[in-house]
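Residues per chain are reported as follows:
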Amino acid sequence: MLKPVVLPKNAFKLFFQSLKGLGTVYAPVKVSEKSYSFKEVHSPEEIAFEALRTILPPKKFFYPQEETLIRYKNGDFEEVQPEKKFQVIFGVHPCDLASLGILDTIFSSEPADSHYLKRREQSLLVGLSCMPDKHCFCNAMNADTAGSAYDLFLTDTGEEYFIEIRSAKGVELIKSLAEKVSDANPENHEAYKEFWKKREAAFSHGLETENLRSLLDLEWENQIWDEMGKRCLSCGNCTPVCPTCYCFDLVDIAGLNAKEGERVRQWDSCQFVGFAQVNGDFNFRATPADRLKFWYRHKLHGFDDAYGFKTCVGCGRCTESCPAGIDDIVQVVKILQGKKENKHYEP
Amino acid sequence: MNLKSPFLPQKSVIRSVVPMTHDNYLFEFRDSVGHFASCKPGQFVELWVPGVGEAPISVCSGSIDGNLQLLIRKVGRVTSALFDMQEGDWVGLRGPYGQGFPVEKYKGKDVCMVAGGLGVAPMRSLWQYILDHREDYGNLILIYGMRHSIDLLFRAEFKQLLRRHDIDVFIAAEEIVGPDLPPMSVQLGRVTDMVRLSAVDAGYEVAICGPPVMYKYVVQELEKKSVPDSRIWLSLERHMKCGIGKCGHCFIGGEFTCKEGPVFQLSELRMLPEVIECEGGAH
Ligand SMILES: Cc1cc2nc3c(=O)[nH]c(=O)nc-3n(C[C@H](O)[C@H](O)[C@H](O)COP(=O)(O)OP(=O)(O)OC[C@H]3O[C@@H](n4cnc5c(N)ncnc54)[C@H](O)[C@@H]3O)c2cc1C
Ligand code: SF4
Ligand code: SF4
Ligand code: FES
């Protein structure tokens, strides 16, 4: 890693201009009273620096909700390449960076997913520090620091940004700002440490995660799943908002005449009833309870063996977006651990 | 980046279509570039009918020699569209995918193959392979069960198999329906009854493929015969959309059925939740 630098906040406009020079810049933008969304921005004024969690995580830039993989026409077919377009994503918090690291590993494992990787290659990720709210538990999931999936990471130390640089693309960008940035001095380092100490102290979830692996196996028959299942709407909200959920469906969309059309990939959800249904109408997860506990196990333990990591980064999006008010990972884990009574989930 | 999409199929022309019953046809595809030459018994391919979609289909023959055989049951959109196609038409094929039956591990051993219903399609790739390498294997038992005798697939091939002395063949139907022509030794009963009748014992490697509900009962029967879990191999059917460990549809416990499976050793599966039980289905 290169030595960190410091950018005074009053020079942010120039920093932003350099980002714009690379391609289209996306950043959190306030879209309603309480919600934020990653959108294209043209000036720093549009950026909602205070945004904590955006409605959809940044996975949408590399793995869009719907994309054409193959086009067929007149008895032949070819791969459709992702658009040639450089994307700069600004304001990505540690949990979301961790999630992109997870998706990078999954999509680059053999056979590699060319569409995701090509989009990822044409991008620059600029991380930004944040202060947790009551739903955040990234520090319990090892996803509370900048991690590895960023090019630049900005820590807000008050008057300036303390910038960590991780990639060649990041180095290039900082070089172009040589006039404005300076090497971080001991005082800056102190301010940086202060910030992260303060941030660590701000978490209020009280979640302990050492025994998740056996917990999810041992509590497979816990009655909480049935109780949650009775209230779950199977709406599937919890999966698109999850920064690491990436399950998809592949469908054919025929053109106006049957001779041409596209093969399209779309986000899918394991909470939908048909997800694990096979030929002959056998359904391996027929009830909402079956599907919910599958998802919890998947997030907290499922990939321990397949990939060696958990796929929950503690962003709190699922909890915030569940219309039934049941999808609270922190509370559910505490109930499974016997650290909390099951009052919350009485039907 | 020169990476090619793993979802790009191989264009494959239909060489022949042989109806086996009214809703089960055997399709043969030309594999001109030898893309599928490495297929192993129990592996599968993704078959694409442009404009309709893809379906995972098991490799159905023991060796792929320029031609790939797939037995297909007409059940829904993709399979129906395929049934409307003819010789000379083309489809897309991707694969082969998954781990098939461990034919290397079976070497020198007695092998019992148990197929229920359409499970006979992947099982055919196994018995053909083993019979092609007969000297490498010990005693052989082949059990094939179906609901109605009229649904019997590969009738001519079974007639030949029944005549051989180096493989014990049991065919069972729950109901004898329609003309049984040419006469075949179809017994009344279920695959489990045939397992009981057969000489299978703790020394056999047992390969099983059939509808999900069948597994529990066959495994119970094998337990009575003291066959250890480490010698029981199940081919699992899951909703395989991508076949390459990406779409998530086939994920169970900690494994992608499409990559680590579809064939699993029972002792491995015992450690995973939601493997053999399932809801619904007509049985
Ligand atoms: C590893 C594997 C090997 C198989 N081998 C064979 C074979 O050799 N011959 C054969 O005829 N069939 C085989 N099947 C089943 C076959 O894939 C389904 O019958 C086929 O996908 C149905 O497609 P469809 O579009 O015609 O039906 P649809 O219109 O999609 O639906 C009909 C029924 O099939 C189920 N289904 C749909 N898509 C899938 C899918 N991708 N996987 C499983 N079930 C699905 C639906 O839930 C529904 O109950 C195999 C399935 C698997 C997983
Ligand atoms: S499971 Fe919930 S808290 Fe965990 S990463 Fe997904 S959306 Fe965030
Ligand atoms: S968001 Fe809530 S109600 Fe909707 S599927 Fe997820 S758990 Fe069920
Ligand atoms: S079929 Fe897509 S992950 Fe296995």
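Up top you'll find the structure we're talking about.
Just so you know, these numbers come straight off a predicted model, no measurement behind them. (Residues numbered from 1 in each chain as written. Chains lettered and ligands numbered in written order. Predicted model: local features only at pLDDT ≥ 70, side-chain atom pairs only at ≥ 80, totals over all residues. Heavy atoms only, no water.)

## Comments concerning the nonpolar core
And then number 1: Membership of the largest hydrophobic core comes to 92 residues, with the highest contact counts inside it found for A:Trp295, A:Tyr296, A:Leu300 and A:Ile329.
And then number 2: Here the element with the most residues in this core is helix H2 (residues 94–108) of chain A; it accounts for seven residues.
And then number 3: Looking at which domains feed residues into this core, each of domain 1 (10–97) and domain 2 (103–282) of chain B supplies at least three.
And then number 4: Here A:Ile329 is in contact with A:Phe137, A:Trp295, A:Tyr296, A:Leu300, A:Cys312, A:Cys318 and A:Thr319, once residues within four sequence places are set aside. (Core = buried A, V, L, I, M, F, W, Y, C linked by side-chain atoms within 4.5 Å. Buried < 20%, exposed > 50% of the residue type's maximum accessible area, 1.4 Å probe, protein only. Helix = DSSP H or I, 4+ residues; strand = E, 2+ residues; numbered from the N terminus. Domains from an automatic or database assignment. Contact = heavy atoms within 4.5 Å.)

## Some points on the site of ligand 1
And then number 1: Near ligand 1 you find 23 residues, and of these B:Pro56, B:Leu71, B:Arg73, B:Val78 and B:Thr79 are the closest.
And then number 2: Residues within reach of ligand 1 are spread across chains A and B.
And then number 3: Measuring from an oxygen atom of ligand 1, one finds a backbone N or O atom of B:Arg73 at 2.7 Å.
And then number 4: Within the side chain of B:Thr79, an N or O atom sits 2.5 Å from an oxygen atom of ligand 1.
And then number 5: Within the complex, 87% of the 850 Å² of free accessible area of ligand 1 lies under protein.
And then number 6: For the shell around ligand 1, the secondary structure elements donating two or more residues are strand S13 (277–278) of chain A together with strand S4 (53–58), strand S5 (67–73) and helix H1 (77–83) of chain B.
And then number 7: No other element matches S4(B), which puts four residues into the shell around ligand 1.
And then number 8: Of the residues that constitute the shell around ligand 1, the class distribution is eleven nonpolar, seven polar and five charged.
And then number 9: Split by domain, the residues of the shell around ligand 1 number at least three in each of domain 1 (10–97) and domain 2 (103–282) of chain B. (Near = heavy atom within 4 Å. Polar contact = N/O pair within 3.5 Å; in protein donor to acceptor, adjacent residues only side chain to side chain. Areas by Shrake-Rupley, 256 points an atom, 1.4 Å probe, with all protein chains shown as cover. Nonpolar A, V, L, I, M, F, W, Y, C, P; charged D, E, K, R; others polar.)

## Re the site of ligand 3
And then number 1: Of all residues adjacent to ligand 3, which total 13 residues, the nearest are A:Cys232, A:Cys235, A:Gly236, A:Cys238 and A:Cys322.
And then number 2: Of the residues belonging to the shell around ligand 3, the class tally is eight nonpolar, four polar and one charged.

## Details of empty space enclosed by the protein
And then number 1: Tallying each qualifying case throughout the model produces six cavities of 30 Å³ or more.
And then number 2: Taken as a whole, the largest cavity spans an internal volume of roughly 150 Å³.
And then number 3: Along the walls of the largest cavity sit 16 residues, with A:Cys245, A:Tyr246, A:Cys247, A:His298 and B:Gly248 positioned nearest its centre.
And then number 4: By residue number, the principal contributor to the lining of the largest cavity is helix H8 (residues 288–306) of chain A, which donates five residues. (1 Å grid on protein atoms, 1.4 Å probe; cavity = no way out; pocket = protein on both sides within 12 Å on 5 of 7 lines; lining within 4 Å. Points joined across faces, edges and corners; volume = space filled by probe spheres on them.)

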